Amino acid sequence: MSTGTTTAPVRDVRQSIELDLQGMTCASCAARIEKKLNKVDGVQASVNYATEKAHLLAPPEVSVPDLIGVVQKAGYGASVPVPDAVPVDHASDLKLRMIRAFVWSIPVILMAMVPPLQVPGWQWFSWILATPVVFWAGWPFHKSAFVNARHGTTTMDTLVSMGTLASYFWSVYSLFFSYAGYIPYKHSFELHLGHMSPAGNIYFEASVAIIAFLLLGRWIEARSRQEAGAALRALLEMGAKEVCILSDGAEVMQPISALKVGDEFVVRPGEKVATDGIVVEGASSVDNSMITGESVPVDVAVGDEVIGATMNTTGRLVVRATAIGSDTQLSQISRLVEQAQTGKAQAQALADRISGIFVPIVLGIALLTLVGWRIYGTGIAFAFSAAVAVLIIACPCALGLATPVALLAGTGRGAQLGIMIRGAQTLERARAIGTIIMDKTGTITSGEMNVTSVDPVAGGDRDELVRIAGALERPSEHPIAQAISRRAADAGALPAAEHFINLPGRGVSALIEGREALAGNQLLLQERGISIPEGLGRAVEDGNAQGQTVILVAWDGQARGAIAVSDTIKPTSKAAIAQMKKLGLRTVMLTGDNERAAQAIAEGLDIDEVHANVLPADKVAVVAAAQEAGRGQKSGQVAMVGDGVNDAAALTQADLGIAMGSGTDAAIAASDITLMRSDLMLAADAVRLSRRTLSIIKSNLFWAFFYNVVSIPVAAAGYMNPMFAGAAMAFSSVFVVLNSLRLRAFRPLAG
């Protein structure tokens with residue numbers, strides 16, 4: 001019960017801040033930075049290891065230097081992003097270290113694994129080759145472990161550093177202080193450890209193989225991050241670098257930074273549109289495929305809007321700039337894609353928490369393994385090697401990569417197809433969608449009136465009917481009148497309309513070639529005493545039943561025919577709705593049409609449920625009712641598809657808002673998924689891609705958890721040589737990356 005008072009909503013006045021991060025080597029690093037930032041009063045931070053960025057909401061009293069200081073105190077670097085900066089190429093350094101590591105490691109591994117290659121003094125040669133691998137190639141792991149140890153914490157690199165250094169120094173000790181240093185020394189290759197292994201065993205091959213395989217995994221990870229984020233970089237790079245500005249009638253080439261809102265600039269055939277604007281002179285076809293994914297060029301003329309970075313294909317255009325820099329649609333799309341790649345799914349949030357406590361637990365297990373085997377009576381070499389194997393194989397890099405790499409690949413592929421996904425939470429909601437509600441106008445239909453049928457009276461001239469009707473309607477600005485006049489103009493020149501009169505609610509009248517002519521509804525003809533033949537009466541009834549508007553045309557005191565006009569169904573709508581039903585979605589249509597007309601459209605498209613006579617304000621209530629009906633069900637969430645402007649409130653109310661159209665500000669703000677072209681099949685593709693991406697994330701997490709759960713007991717039991725432990729751990733990360741990159745092969749159904 002209302003008390004008659006309302007409380008004004010509290011507006012979030014926090015500033016949005018983005019930081020570039022340096023020095024992270026694993027997901028535990030990201031979790032640690034995020035934890036430190038979130039400890040600052042009023043700060044909400046999200047750190048992504050894959051994109052190496054922190055997105056924060058901070059109160060006005062917290063400055064950027066303060067936040068950078070928090071990151072630096074945690075042992076990492078942070079800086080304000082530099083516009084148009086060249087991305088740091090981590091892959092090149094990793095590639096160099098990885099190649100040299102393998103060149104030096106392969107002889108060490110072969111000599112340890114193949115006894116015939118163990119020539120006199122082989123162990124000393126192994127030491128010489130292993131040293132640069134451990135200390136130069138492996139330096140990133142040791143540096144990270146040292147920085148974190150200095151701050152009293154551990155990361156996954158702690159496991160790698162401790163494992164490789166332990167096996168290296170154990171081997172050096174054996175080389176100098178046991179018979180392993182004797183020139184004739186040999187040892188056999190074994191997959192698992194021998195319980196009574198003598199103290200003279202050396203494990204240089206384990207140290208170098210672990211580092212080489214890990215560097216290979218890190219290099220593939222870095223490459224995958226670059227490749228999966230290629231769509232975002234392509235968006236940022238596709239804008240024009242120069243612009244031809246009109247200044248006092250002269251055309252002057254200037255850097256794009258010189259362009260200001262309101263300036264007019266020239267776009268010649270084959271050139272990119274410099275920025276968002278309105279055409280003020282000329283006509284052409286513009287290729288919008290790089291922004292919207294639409295393969296067919298769009299015709300533009302004076303008064304039409306054009307998008308920056310699209311390609312002018314035919315005619316010369318003069319465009320007035322309406323937005324520049326970060327305000328353009330291209331920049332907004334880029335920000336949306338990057339924000340999407342920063343989100344965290346609930347499953348990954350759980351994985352991050354586990355990774356945060358995982359390392360200390362593994363260190364404890366390794367210590368227990370060492371102590372336990374010594375108490376059991378095995379040799380120090382066996383106990384130590386088993387503990388090292390636990391340290392190495394437990395490194396949960398795959399957990400940290402499971403969501404970010406898949407999210408990068410999925411959202412990047414979506415951007416290529418014109419599907420802008422807001423984040424991981426969107427993917428999870430898409431999986432639970434059971435009902436999809438679609439607004440009719442502009443979503444299922446084109447949103448533009450077109451002539452659908454022309455019915456002259458018996459013996460009448462069809463072309464003459466269209467010609468007179470077009471001349472009558474041409475002076476009117478009503479969408480129905482414009483549809484008829486466009487159709488008539490296609491057939492040739494139209495006569496002039498004299499003494500034109502607009503009759504609100506009924507139609508129009510004018511003198512056409514000296515004849516009094518009328519175009520309007522039945523009421524208009526009845527008022528003028530003009531009878532309606534039975535055939536035309538049936539045409540009106542049939543048209544109204546199908547949701548069409550039927551215009552009756554008369555001249556010289558007689559009815560001459562009927563022209564039906566309607567908002568036509570898009571060519572792909574029927575196939576899109578069939579695909580949604582195949583995805584298990586219940587389809588619902590909202591329309592302001594009458595019940596009879598709405599049912600006719602729904603039956604033709606096989607839509608499950610229709611709400612007719614719906615006003616814009618009623619759409620939220622329909623969405624809320626569907627949500628209530630699905631409450632408690634596994635697939636009970638509701639998606640809403642609309643144009644992103646008129647349907648903004650309903651898009652926000654829905655569990656998953658999908659905005660169709662040109663990607664306007666309102667669409668991006670109100671929706672979880674924004675489609676860059678008005679094709680309903682793209683909405684079905686958005687649901688398919690969302691579900692596919694989430695499926696990849698979950699399979700990544702399952703195998704990463706499964707790997708650690710199975711491998712740690714095996715290593716602790718002494719059944720895994722440290723060298724194979726390192727290879728297995730590296731393979732788990734590579735598997736997650738390759739599994740995620742399968743999303744790049746996603747094929748859309750939309751053309």
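Residues numbered from 1 in each chain as written. Predicted model: local features only at pLDDT ≥ 70, side-chain atom pairs only at ≥ 80, totals over all residues. Heavy atoms only, no water.

A. Layout of the side chain of T435. Tracing the backbone through its elements, the reader meets T435 in strand β15 (residues 433–439). For T435, a relative accessible area of 16% translates into the label buried. Those residues in contact with T435 that sit more than four places away from it in its chain are R586, V588, Q637, V638 and A639. (Helix = DSSP H or I, 4+ residues; strand = E, 2+ residues; numbered from the N terminus. Buried < 20%, exposed > 50% of the residue type's maximum accessible area, 1.4 Å probe, protein only. Contact = heavy atoms within 4.5 Å.)

B. View of a nonpolar patch on the surface. A surface patch of nonpolar side chains, amounting to about 510 Å² of accessible area, comprises F702, W703, F706, V709 and V710. Mapping V710 onto the fold places it in helix α25 (residues 680–716). (Patch = residues over 30% accessible without salt bridge, like charges linked within 9 Å, V, L, I, M, F, W, Y side chains within 5 Å. Areas by Shrake-Rupley, 256 points an atom, 1.4 Å probe, with all protein chains shown as cover. Salt bridge = Lys/Arg side-chain N within 4 Å of Asp/Glu carboxyl O.)

C. Just the confidence of the model for the protein chain, in detail. On average, residues of the protein chain carry a pLDDT of 80, and 82% of them reach 70 or more. Across the protein chain, helix α4 (residues 122–137) holds the top mean pLDDT of 95, while helix α24 (residues 665–670) sits lowest at 53. Scored below 50 in pLDDT, residues 1–11 makes 0 contacts in the model with residues more than four places away or belonging to other chains. (pLDDT = per-residue confidence, 0-100.)

D. Region of interest: the nonpolar core. In this structure, I419, M438, M580, I658, L675 and L680 are the most contacted members of the largest nonpolar core, which totals 47 residues. Of the residues forming this core, the biggest block, 12 residues, is contributed by α25. When near neighbours in sequence (up to four residues on either side) are disregarded, L680 contacts M438, T443, I444, T572, S573, A576, I577, M580, V641 and M660. One finds A91, V172, L215 and A381 within the second-largest nonpolar core, a separate group that totals 37 residues. (Core = buried A, V, L, I, M, F, W, Y, C linked by side-chain atoms within 4.5 Å.)

E. Molecular detail of the sheet that holds strand β7 (residues 264–267). An order of β6-β5-β7-β13-β8-β11 is seen for the 6 strands of this open sheet, with the pairing classed as antiparallel. Every other strand in the sheet has two partners, leaving β6 (250–255) and β11 (305–306) as the edge strands with one partner each. Of the pairings in the sheet, the one linking strand β8 (residues 277–281) to strand β13 (residues 317–321) comprises 4 bridges and is antiparallel in character. By the bridge assignment, G277 is partnered in β13 with A321. (Pairing = 2+ DSSP bridges.)

F. Structural view of the packing of aromatic side chains. Taken as a whole and judged by the stated rule, the model has 18 aromatic pairs. Centre to centre, the rings of Y173 and F177 are 5.4 Å apart; their planes meet at 35°, and the pair counts as tilted. A residue pair is termed a helical-turn pair when its members lie 3 or 4 positions apart in one helix, as Y173 and F177 do in helix α6 (residues 156–177) at 4 residues. According to the relative accessible area criterion, Y173 is partly exposed, its value standing at 45%. We classify F177 as exposed; its relative accessible area is 64%. Seen in terms of ring centroids, F702 and W703 are 5.1 Å apart; in terms of plane orientation they differ by 75°. Their pairing is edge-to-face. Owing to a relative accessible area of 42%, W703 belongs among the partly exposed residues under this scheme. Grouping aromatic residues by their ring pairs yields a cluster made of F135, Y168, F169 and F204. For R97, the ring lying beneath its charged end belongs to W136, and the centroid distance is 4.9 Å. (Phe/Tyr/Trp six-rings, centres within 6.5 Å; stacked < 30°, edge-to-face > 60°. Lys NZ or Arg CZ within 6 Å of the ring centre and 35° of its normal.)

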